[in-house]
Amino acid sequence: MSGPSDYKPNHPALQWFERRLPLLGLMHSSFVAYPTPRNLNYWWTFGAILSFMLGLQILTGVILAMHYTPEATMAFHSVESIVRDVNYGWLLRNMHAAGASMFFFAVYIHMFRGLYYGSYKEPREVLWILGVIIYLLMMATGFMGYVLPWGQMSFWGATVITNLFSAFPYVGNSIVTLLWGGYSVGNPTLNRFFSLHYLLPFVIAGVVVLHIWALHVAGQNNPTGVDTKTEKDTVPFTPYATIKDMFGVSCFLIFFAWFIFYMPNYLGDADNYIPANPGVTPQHIVPEWYYLPFYAMLRSIPNKLAGVIVMFSSIIILVFLPWLDTAKTRSCKYRPLAKQFFWMFVIVAILLGYLGAQPPEGIYVIAGRVLTACYFAYFLIVLPLLSRIEKPRPLPNSIADDVLAKSGSKAAAMVSAVIALVVAGGLLVGSTQDARAEEDTTPPSLKWSFAGPVGTYDRGALQRGLKVYKEVCANCHSLNYIAFRNLADPGGPGYSTAQVAALAAEYKIKDGPNDQGEMFERPGRPADYFPAPFPNEQAARAVNGGGLPPDLSLITKARSYERGFPWFIFDFFTQFQEQGPNYVDAILQGFEDKPPAGVTIPNGSYYNKYFPGHTIKMPPPLSNGQVTFDDGSPATVAQYAKDVTTFLMWAAEPHMEERKALGLKVFVFLIIFAGLMYFTKKKVWADAH
């Protein structure tokens, strides 16, 4: 794992330590003096990006684990408590949740780069196989982590995926029972997944060390696929590769920060803001975007066992790639046919991801089968055949000759490839949104004060919305995650401590037991949470005709609707994430006295043109003149709906203003830092070209 090193510590203590454990010399030879091909392009920086992301995921995961409670009745609440009550808990949660997607985004580019440039070929077979093992461990870790919030999609995703193991004869049911810790997904399942999710990243880190070791033994591949021959072909890892990697990482962090501070829910699922309910199955159970191609293969096969085998085989086949492709030329850069088929394979993978997010019916199933066949044909037919019939273009005599022959068009080609990958990623995410959306009337898109990179809450709207909630919504709906003290928090409705204390005292809070062992009522305190209108679920259903009024703390994040192509791509750049507020506002105003012709509404239900299925148990909650505002705002349904929705958005995102303000500072820092890294890289590499 070492290159040439002349490292000799100057300090006597370091010399003493180095004679007994030459750790510093090992690090110097591996990460300072290690000879690196001088023609590596920016696709190679994704190795450093992945190392950074792994460290970040472990660090944030360890801190989050300190506050998380792996118990079925408390897991969802503990995640919300982290976001709301832990100092910068929202930042840790966003970094960890979005970091999983960024990790997979980077690893897919890393793998496709290896495929394109033939980094799996001799003598790097073990290096490639270790990479596949890391990928498998990542998939397992990511799946288990997705289960931990214990929302609706988490629970049902765990149910569906673990059930796949039951397809294996003889041992399948035993495996499922072992994973569940019983006969259904429940608390033992959550405990098992939490333990494994905490452990596996450290296993990944260990395999990454082996991966880097194998890289240093076999030597790095390069865009030409030509082995290094002289010292002119290489440069020391530090400072050349180090500064280039730092620039690449800084650019990636800008992309990553966009999700952390401005689009934290873009890659998530609205259903996961609903606590897990084993009695209610989501209409569309769809995994995270990075599993969609394999999910499409699974669903395209009518036989369950065959589908599971195909899904696992689609990953395991990567292990045998070094022996399936026996071509002597490594890089597709010099293999015209291999290059064309490679990009066809990329398109197949993207289309499989799209199909994985669509309903398993009709043309989607047929297309899934065709593309699954194309996926396996690439490895089992195309690559072995090309190894025999393709005539590659002449290779450069050395890496140094390749560097001298480079032209500016290469950078343009790379930029085009990056744009294509971003659009492809947007297609996968957008297709997921399409699959999870309801086929109903789309709510109108309203203008909200909190939208955009510098959006803030309208304090007047928050206070008016609280009044609407107290006088109307609180009769049926709880607000379990909001304490009275939160009303005085920065970024909130703007009440003083005295006002909050007075408001809390208006409520009667059930407390106890007292010294006599009896429960009693007392005036509310700022530390108390808004009391629920019903003592339990059964009482709530009894009063509401069998329907259960949902808690409103997260309602604006737990509801969404389809935006469709190409809006989901535009949404990424415009930071549009107001589907929830638009939906809630539309529901409040969407009641109609008379349903359209041909539509029958059951007794005890009401017609709402924006509600999925258009039949809702809740009667129209708002009417003109129902609530009087002290500031003279119009006493209309439209005003009530917008104000209470603004208040509920704050209830779901109490730290939104802090998040956006910090995001602006981080972006300014990262842009300046990336600029400094770029010019430093230009200076360092000036003599290397």
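Everything quoted here is computed from the prediction, not taken from an experiment.

Rules used in this analysis
- Residues numbered from 1 in each chain as written.
- Predicted model: local features only at pLDDT ≥ 70, side-chain atom pairs only at ≥ 80, totals over all residues.
- Heavy atoms only, no water.
- Helix = DSSP H or I, 4+ residues; strand = E, 2+ residues; numbered from the N terminus.
- Rg over C-alpha atoms; globule rule 2.2 N^0.38 Å.
- Contact = heavy atoms within 4.5 Å.
- Areas by Shrake-Rupley, 256 points an atom, 1.4 Å probe, with all protein chains shown as cover.
- Lys, Arg positive; Asp, Glu negative; His and termini not counted.
- Charge placed at Lys NZ, Arg CZ, Asp CG, Glu CD.
- Axes fitted to C-alpha atoms, helices over the stretch in contact; angles between N-to-C directions.
- Parallel < 35°, antiparallel > 145°, perpendicular 65-115°, else oblique.
- Left-handed = near helix turned anticlockwise from the far one by under 90°.
- Nonpolar A, V, L, I, M, F, W, Y, C, P; charged D, E, K, R; others polar.
- Core = buried A, V, L, I, M, F, W, Y, C linked by side-chain atoms within 4.5 Å.
- Buried < 20%, exposed > 50% of the residue type's maximum accessible area, 1.4 Å probe, protein only.
- Patch = residues over 30% accessible without salt bridge, like charges linked within 9 Å, V, L, I, M, F, W, Y side chains within 5 Å.
- Salt bridge = Lys/Arg side-chain N within 4 Å of Asp/Glu carboxyl O.
- Polar contact = N/O pair within 3.5 Å; in protein donor to acceptor, adjacent residues only side chain to side chain.
- pLDDT = per-residue confidence, 0-100.
- Phe/Tyr/Trp six-rings, centres within 6.5 Å; stacked < 30°, edge-to-face > 60°.

Quick word on the overall build of the protein
Counting its secondary structure elements, the protein contains 25 helices and 6 strands. Its C-alpha atoms give the protein a radius of gyration of 29 Å, within 12% of the compact-globule value 26 Å for 689 residues. Along the first, second and third principal axes, the C-alpha set of the protein runs to 85 × 65 × 50 Å. Summarising the internal contacts of the protein: among those between residues at least 6 apart in sequence, 78% fall at separations of at least 24. By element, 65% of the accessible surface of the protein is carried by carbon and sulfur atoms, the whole surface being about 32,500 Å². In the protein, 51 positive and 47 negative side-chain charges are present, and the distance between their average locations comes to 10 Å.

Side note on the packing of helix H14 (residues 336-356) against helix H15 (residues 363-389)
Put simply, H14 and H15 touch, their axes get as near as 10 Å, and they point 155 degrees apart. Taken together, the axes of H14 and H15 are roughly antiparallel relative to one another. Of the two elements, H14 crosses H15, and the hand of that crossing is left-handed. Touching Leu-337, Ala-338, Phe-341, Phe-342, Phe-345, Val-348, Leu-351, Leu-352, Tyr-354 and Leu-355 of H14 are Tyr-364, Ala-367, Gly-368, Leu-371, Thr-372, Cys-374, Tyr-375, Tyr-378, Phe-379, Val-382 and Leu-386, all from H15. When grouped by side-chain class, the residues that make up the contact of H14 with H15 number 19 nonpolar, 2 polar and no charged.

Things to note about the nonpolar core
Counting 119 residues, the largest nonpolar core has Phe-104, Tyr-135, Tyr-375 and Phe-379 as its most contacted members. Sequence-distant contacts of Tyr-375, that is, excluding residues within four places in its chain, are made with Phe-294, Met-297, Ser-314, Phe-345, Val-348 and Leu-352. Ranked by size, the runner-up nonpolar core spans 45 residues in total, among them Phe-484, Phe-591, Leu-648 and Trp-650.

Observations regarding the environment of Pro-619
Within the element layout of this structure, Pro-619 appears in the loop between strand E6 (615-616) and helix H24 (637-652). Between the C-alpha atoms of Pro-619 and Glu-518, which are 101 residues apart in sequence, the distance is 37 Å. When residues no more than four places from it in sequence are discounted, the contact partners of Pro-619 are Phe-591 and Tyr-606.

With respect to a nonpolar patch on the surface
A cluster of nonpolar side chains, contributed by Trp-16, Phe-17, Leu-21, Leu-23, Leu-26, Met-27, Phe-31 and Val-32, occupies part of the molecular surface with about 680 Å² of accessible area. Counting only elements with at least two residues in the nonpolar patch, the list comes to helix H1 (12-20) and helix H2 (23-31). Here the nonpolar patch gets 4 residues from one element, more than from any other, and that element is H2. Note that Phe-31 resides in helix H2.

Things to note about unusual backbone geometry
With omega at 15 degrees, the peptide bond leading from Thr-238 into Pro-239 counts as cis. Turning to its location among the elements, Pro-239 is positioned in helix H10 (residues 237-261). Residue Pro-513 follows Gly-512 across a cis peptide bond; omega there is 5 degrees. Positionally, Pro-513 belongs in the loop between strand E3 (508-511) and strand E4 (520-523). The backbone of Tyr-88 sits at a positive phi, close to 55 degrees, despite the residue not being glycine. Counting through the fold element by element, Tyr-88 comes out in the loop between helix H4 (75-85) and helix H5 (89-117). Note on Tyr-88: relative accessible area 44%, which makes it partly exposed.

Notes on the side chain of Ser-119
Relative to the helices and strands, Ser-119 resides in the loop between H5 and helix H6 (125-147). Beyond its immediate chain neighbours, meaning those up to four positions away, Ser-119 contacts Arg-113, Gly-114, Arg-124 and Asn-221.

Focus on the side chain of Asp-528
Among the secondary structure elements, Asp-528 is positioned in the loop between E4 and helix H20 (537-543). The exposure class of Asp-528 is buried, given its relative accessible area of 13%. Of the polar contacts made by the side chain of Asp-528, one reaches the side chain of Arg-522; its length is 2.8 Å. Apart from the residues lying within four places of it in its own chain, the contact partners of Asp-528 are Ala-483, Phe-484, Ile-509, Arg-522 and Pro-523.

What to know about the confidence of the model for the protein
Averaged over all residues, the pLDDT of the protein is 91; the fraction at 70 or higher stands at 94%. Predicted confidence is poor over residues 407-414, with pLDDT under 50, and the contacts of this stretch with residues over four places away or in other chains come to 3 contacts. Note on residues 431-439: pLDDT is under 50 here. Beyond four places in sequence and across chains, it has 27 contacts.

Here's the deal with the environment of Pro-149
Its place among the elements puts Pro-149 in the loop between H6 and helix H7 (152-163). Residue Pro-149 is classed as buried on the basis of its relative accessible area, which comes to 13%. Pro-149 sits 72 residues away from His-77 along the chain, and the two C-alpha atoms are 8.7 Å apart.

Some words on the packing of H5 against H10
Running from N to C, H5 and H10 cross one another at 130 degrees; their axes reach a closest spacing of 9 Å. Classed by the angle they form, the pair H5 and H10 counts as oblique. Considering the relative orientation of H5 and H10, their crossing is right-handed. Here Trp-90, Leu-91, Asn-94, Met-95, Ala-98, Gly-99, Met-102, Phe-105 and Ala-106 of H5 lie close against H10, whose contacting residues are Phe-252, Phe-255, Phe-256, Phe-259, Ile-260 and Phe-261.

Let's talk about the pattern of salt bridges
Taken as a whole, this structure holds 18 salt bridges when the rule is applied. Two residues, Asp-227 and Arg-330, come together in a salt bridge whose shortest N-O distance is 3.1 Å. Taken together, the residues span a long stretch of sequence, with Asp-227 in the loop between helix H9 (187-218) and strand E2 (234-236) and Arg-330 in the loop between helix H13 (321-324) and H14 at a distance of 103 residues. What makes Asp-227 partly exposed here is its relative accessible area of 42%. Where Arg-459 meets Glu-657, a salt bridge forms, and the shortest distance between an N and an O atom there is 2.9 Å. Remark: Glu-657 occurs in helix H25 (residues 656-685) and Arg-459 occurs in helix H18 (residues 459-471); sequence separation between them is 198 residues. Taking relative accessible area as the criterion, Arg-459 reaches 30% and is therefore assigned partly exposed. Since its relative accessible area comes to 16%, Glu-657 is described here as buried.

As for the packing of aromatic side chains
Scanning the model with the defined rule gives 64 aromatic pairs in all. Ring centres 6.4 Å apart and planes at 85 degrees place the aromatic pair Phe-46 and Phe-252 in the edge-to-face group. Of this pair, Phe-46 sits in helix H3 (residues 45-67) while Phe-252 sits in helix H10, and the two are 206 residues apart along the sequence. For the pair Phe-46 and Phe-252, a shared accessibility class is recorded, and that class is buried. With a centroid separation of 5.4 Å and an interplanar angle of 75 degrees, the aromatic rings of Tyr-678 and Phe-679 are classed as edge-to-face. Overall, the relative accessible area of 31% leaves Tyr-678 in the partly exposed class. Every member of this aromatic cluster is reached through a ring pair, and the members are Trp-43, Phe-46, Phe-105, Phe-252, Phe-255, Trp-258, Phe-259, Tyr-262, Tyr-266, Phe-572, Phe-573 and Phe-667.

Things to note about helix H23 (residues 579-589)
Buried residues dominate H23, accounting for 10 of its 11 residues. Against the buried residues of H23 lie helix H21 (555-558), helix H22 (567-574), E6 and H24.

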